[in-house]
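Inside the fold
Here is what each chain is made of, one letter per residue.
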Amino acid sequence: MIEVNGIDYPVRYSMKALKKFERKAKVNVFSLSDPSKLSAEACAYLCFVGVECGCDFEGIEFTMDLNEFEDHVTLAHVKECFDVLGEYNSEKKA
């Protein structure tokens, strides 16, 4: 969960969300190791697709568009989203 504009949202990265990110950012998600390798635009979009996917998966309405979402996202959010993405790698190794 990340808090955006005072609301807690789930973060989830399905293959569909990761493909959507890759198409826009032109970055292979399996090569990501830390956010410093991405542009600010790509970092914001990674967070956006994670929240969008998390809300869709849990049946939570998410009406923010990317532009509005970016107004409320900070580097702390990016770190949280990277942590969630990293959890998927940890699960694979366990």
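Anything mentioned here points back to the structure above.
What comes next concerns the included structure.

Quick notes on the rules
- Residues numbered from 1 in each chain as written.
- Predicted model: local features only at pLDDT ≥ 70, side-chain atom pairs only at ≥ 80, totals over all residues.
- Heavy atoms only, no water.
- Helix = DSSP H or I, 4+ residues; strand = E, 2+ residues; numbered from the N terminus.
- Areas by Shrake-Rupley, 256 points an atom, 1.4 Å probe, with all protein chains shown as cover.
- Lys, Arg positive; Asp, Glu negative; His and termini not counted.
- Charge placed at Lys NZ, Arg CZ, Asp CG, Glu CD.
- Buried < 20%, exposed > 50% of the residue type's maximum accessible area, 1.4 Å probe, protein only.
- Arc of directions from axis to C-beta.
- Salt bridge = Lys/Arg side-chain N within 4 Å of Asp/Glu carboxyl O.

What follows covers the overall build of the protein chain. In terms of helices and strands, the protein chain carries four helices and two strands. In the protein chain, the succession of α and β elements from N to C terminus is β-β-α-α-α-α. The principal-axis extents of the C-alpha atoms in the protein chain amount to approximately 35 × 25 × 25 Å. Accessible surface for the protein chain amounts to roughly 5,900 Å². Of this, 50% is attributable to carbon and sulfur atoms. Treating the 11 positive side-chain charges of the protein chain as one cloud and the 17 negative ones as another, the clouds have centres 11 Å apart.

Owing to its 3.6 residues per turn, the α-helix aligns residues three or four sequence positions apart on the same side. Looking only at helix α1 (residues 15–25), the buried set comprises Ala 17, Leu 18 and Phe 21. The arc enclosing the buried residues of α1, seen along the axis, measures out at 95 degrees, which places them on a common side. Along α1, exposed side chains directed more than 90 degrees from the buried face belong to Met 15, Lys 16 and Arg 23. The positive-phi residue at the C-terminal boundary of α1 is Lys 26, with phi of around 60 degrees.

Applying the stated criterion to the full structure yields two salt bridges. Here Lys 20 makes a salt bridge to Glu 52, at a shortest N to O gap of 2.6 Å. One end of the pair, Lys 20, is in helix α1; the other, Glu 52, is in helix α2 (residues 40–58), with 32 residues separating them in the sequence. Among the salt bridges present, the one from Asp 83 reaches Lys 79, with a minimum N-O distance of 3.1 Å. Of this pair, Asp 83 and Lys 79 both sit in helix α4 (residues 75–93), four residues apart, roughly one helical turn. Residue classification places Asp 83 among the partly exposed positions, given a relative accessible area of 40%.

So yeah, pure geometry; function would need other evidence.
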